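Fold and contact review
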2 protein chains.
Amino acid sequence: MANNSVEFLDDFEPGREYPLGSFTLTQDEIIEFATRFDPQPFHIDPEAAAGTMFGGIIASGWHTTAATMRLMVDNLLPVESSLGSPGMDEIRWLKPVYPDVEYRAVYCVNTVTDSKSKPDRGAVNSTTRLFNPEGEEVMFFTGAGFYLKRPPA
Amino acid sequence: MANNSVEFLDDFEPGREYPLGSFTLTQDEIIEFATRFDPQPFHIDPEAAAGTMFGGIIASGWHTTAATMRLMVDNLLPVESSLGSPGMDEIRWLKPVYPDVEYRAVYCVNTVTDSKSKPDRGAVNSTTRLFNPEGEEVMFFTGAGFYLKRPPA
């Protein structure tokens, strides 16, 4: 269950930032994900990765976005009223994501918009940002999610 | 190894479309991925999913993008010259992705640009599109990748 008070579309506050907690990936987890989905040398081969500009294994950007999604589901998104997402407007992988480093995420509400065709729902446009322990932004994505409104009493 | 002739930045042809093959996800795979990264009911709970507008389990959008990335690495991207990606400009999850359906992907080169600061490399901007067996587009993403140029002889 999300440890917050967001249950329906109505509860998202434009301009508000919601902390999402943090994750740390092990090198084994990074290699396992990338072996399955993004088997490039700097994601799966420690020796090859050591010789690149990254200096060692880094997470697939798709692993980083997925791990951040998990924080969103665990700590914010109201899954009972969630209707899915039409997409993302932008993803930026600003800095490499390394093993054994704790990354914390923050969800920022940009806009909340009522559906024009369906009165029981609407869309939240948000930006989710990921930071390293030095406070540097390492990734962000901006996109939309559809949610039901709170039913009339 | 990629089963094509793209080895370096120079080999990407603007305007060309490269077929990437196809993938099929089982319901177990969809549930496993989403349990780990996107545990919303319509991704992990067959009974709950049956009662939604989707009519059954659908893949997390992040699973769809990751599975498509795997096709790119297996069938096109030259991993020896790949330097990673700065991000995506757009992702659209246009239609649900269901278990036991074969989805095929096509990679389209939009632009190839030399780096202004580093003469040995450049960026490819591309759109990767995913289609269902009916030929309907179900997902696309547009973004960039950095690649080394072919070394002088």
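Every chain is numbered independently, its residues counted from 1 as its sequence is written. Naming scheme: in the order in which they are written, chains are lettered from A and ligands are numbered from 1. For this predicted model, a pLDDT threshold of at least 70 governs which residues receive local features, and a threshold of 80 or more governs which side-chain atom pairs are given and counted, while totals over whole chains, interfaces and linings are taken from all residues.

**Some thoughts on the interface of chain A and chain B**
- The contact criterion used is a C-beta to C-beta distance within 7 Å, with each C-beta placed from the backbone. Listed per partner, the contact involves 25 residues of chain A and 24 residues of chain B.
- Listing elements by their share of the side of chain A that touches chain B, those giving two or more residues are helix 1 (27–37), helix 4 (61–75) and strand 2 (87–93) of chain A.
- Strands are runs of DSSP state E lasting at least two residues, helices are runs of H or I lasting at least four, and both sets are numbered from the N terminus onward. Counting residues per element, the side of chain A that touches chain B draws most heavily on helix 4 of chain A, which supplies eight residues.
- Residues are sorted three ways: Asp, Glu, Lys and Arg are charged, Ala, Val, Leu, Ile, Met, Phe, Trp, Tyr, Cys and Pro are nonpolar, and all the rest, Gly among them, are polar. Along the lines of polarity and charge, the residues of the side of chain A that touches chain B split into 13 nonpolar, six polar and six charged.

**Quick look at the relation of the copies chain A and chain B**
- With an RMSD of 0.0 Å, chain A superimposes on chain B once it is rotated by 180° and translated 0.0 Å along the axis. Within this description, the copies of the chain are treated as partners about a two-fold rotation axis. Nearest to the rotation axis, the C-alpha of E90 of chain A is located 2.7 Å from it, this being the minimum over chain A.
- Looking at chain A, 96% of its interface residues are interface residues in chain B too, so the copies touch through the same face. Residues below a pLDDT of 70 in either copy are left out; the C-alpha atoms of the rest, at least 70 in both, set the least-squares superposition of the copies.

**Regarding the nonpolar core**
- A set of buried residues qualifies as a nonpolar core if it consists of Ala, Val, Leu, Ile, Met, Phe, Trp, Tyr and Cys joined through C-beta atoms within 7 Å. Put plainly, a residue is buried at 20 or more neighbouring C-beta atoms within 10 Å of its own, exposed at 12 or fewer, and partly exposed in between, counting only other residues' C-beta atoms, which are placed from the backbone. The biggest cluster of nonpolar side chains holds 82 residues, and the ones touching the most others in it are I30, F37 and A66 of chain A together with I30, F37 and A66 of chain B.
- Here A66 of chain B is in contact with F37, W62 and A66 of chain A, once residues within four sequence places are set aside.

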